[in-house]
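The primary structure of each chain is shown beneath.
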Amino acid sequence: MSQESAYIQEAVRKLLTLSSSLRDAYEYYQDLTYIVTVSHDEKPLESILNPTKSDKQYTKLPESIKKARKTLKKHKEEITNSFKYNFSNGPLEGINNKIKVIIRTVIIIFTTSD
């Protein structure tokens, strides 16, 4: 671990001791990130999106995180499908972006050629 990384980790640790709300939000985010990027497991995803009273760390979240959780609940099926199927719409988005750039360039050429 680099010295810069150690300083960042120490700063985060100190900040998290200052606010329980910030700590809860950070832990929720870290757990969610791990589930989506590493474990790809549906059971932990279900418990993080629909916490029970025994899941105290997920019941006292800031409103902004609760709003994000509500959005994630709406798209739970798509999220779990991304665990099962290794597809990405990245290439298609890249093509769409190139088309938009071409259209903008053509519009600029025709509007400035007068």
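Here we summarise the structure given alongside this text. (Residues numbered from 1 in each chain as written. Predicted model: local features only at pLDDT ≥ 70, side-chain atom pairs only at ≥ 80, totals over all residues. Heavy atoms only, no water.)

## Section: the overall build of the protein
Okay, step 1: Counting its secondary structure elements, the protein contains six helices and zero strands.
Okay, step 2: The order of helices and strands in the protein, counted from the N terminus, is α-α-α-α-α-α.
Okay, step 3: Here the protein has a C-alpha radius of gyration of 21 Å; the compact-globule value for 114 residues is 13 Å, and the former is much larger.
Okay, step 4: Considered along the principal axes of its C-alpha atoms, the protein spans approximately 65 × 40 × 30 Å.
Okay, step 5: Residues classed as buried in the protein amount to 16% of the 114 residues present.
Okay, step 6: For the protein, restricting intrachain contacts to residue pairs at least 6 apart in sequence, the fraction spanning at least 24 positions comes to 47%.
Okay, step 7: In the structure as shown, the protein presents an accessible area of about 9,200 Å², 59% of it carried by carbon and sulfur atoms.
Okay, step 8: The centroid of the 18 positive side-chain charges in the protein is displaced by 5 Å from the centroid of its 14 negative side-chain charges. (Helix = DSSP H or I, 4+ residues; strand = E, 2+ residues; numbered from the N terminus. Rg over C-alpha atoms; globule rule 2.2 N^0.38 Å. Buried < 20%, exposed > 50% of the residue type's maximum accessible area, 1.4 Å probe, protein only. Contact = heavy atoms within 4.5 Å. Areas by Shrake-Rupley, 256 points an atom, 1.4 Å probe, with all protein chains shown as cover. Lys, Arg positive; Asp, Glu negative; His and termini not counted. Charge placed at Lys NZ, Arg CZ, Asp CG, Glu CD.)

## Re the side chain of Arg-69
Okay, step 1: Looking at the secondary structure, you find Arg-69 in helix 4 (residues 63-74).
Okay, step 2: Notably, Arg-69 is buried but unbridged: the nearest opposite-charge side chain belongs to Glu-63, and the N-O separation is 8.2 Å.
Okay, step 3: Among all residues touching Arg-69, those that are not within four sequence positions of it are Tyr-28, Ile-48, Leu-49, Pro-51, Tyr-58 and Leu-61. (Salt bridge = Lys/Arg side-chain N within 4 Å of Asp/Glu carboxyl O.)

## Description of helix 2 (residues 20-39)
Okay, step 1: With 20 residues, helix 2 should cover 28 Å at 1.5 Å per step; its first-to-last C-alpha distance of 26 Å lies within 8% of that length.
Okay, step 2: Considered for burial, the residues of helix 2 that qualify are Asp-24, Ala-25, Tyr-28, Leu-32 and Ile-35. In a view along the axis of helix 2, the buried residues occupy a sector of 95 degrees, so they form one face of it. Of the exposed residues in helix 2, the ones pointing more than 90 degrees away from its buried face are Thr-37 and Val-38.
Okay, step 3: Between the side-chain oxygen of the N-cap and the backbone nitrogen of Ser-21 there are 3.4 Å, and the N-cap of helix 2 in question is Ser-19.
Okay, step 4: Phi turns positive one or two residues past the end of helix 2, at His-40, with a value near 50 degrees. (Expected span 1.5 Å × (residues − 1). Arc of directions from axis to C-beta. Polar contact = N/O pair within 3.5 Å; in protein donor to acceptor, adjacent residues only side chain to side chain.)

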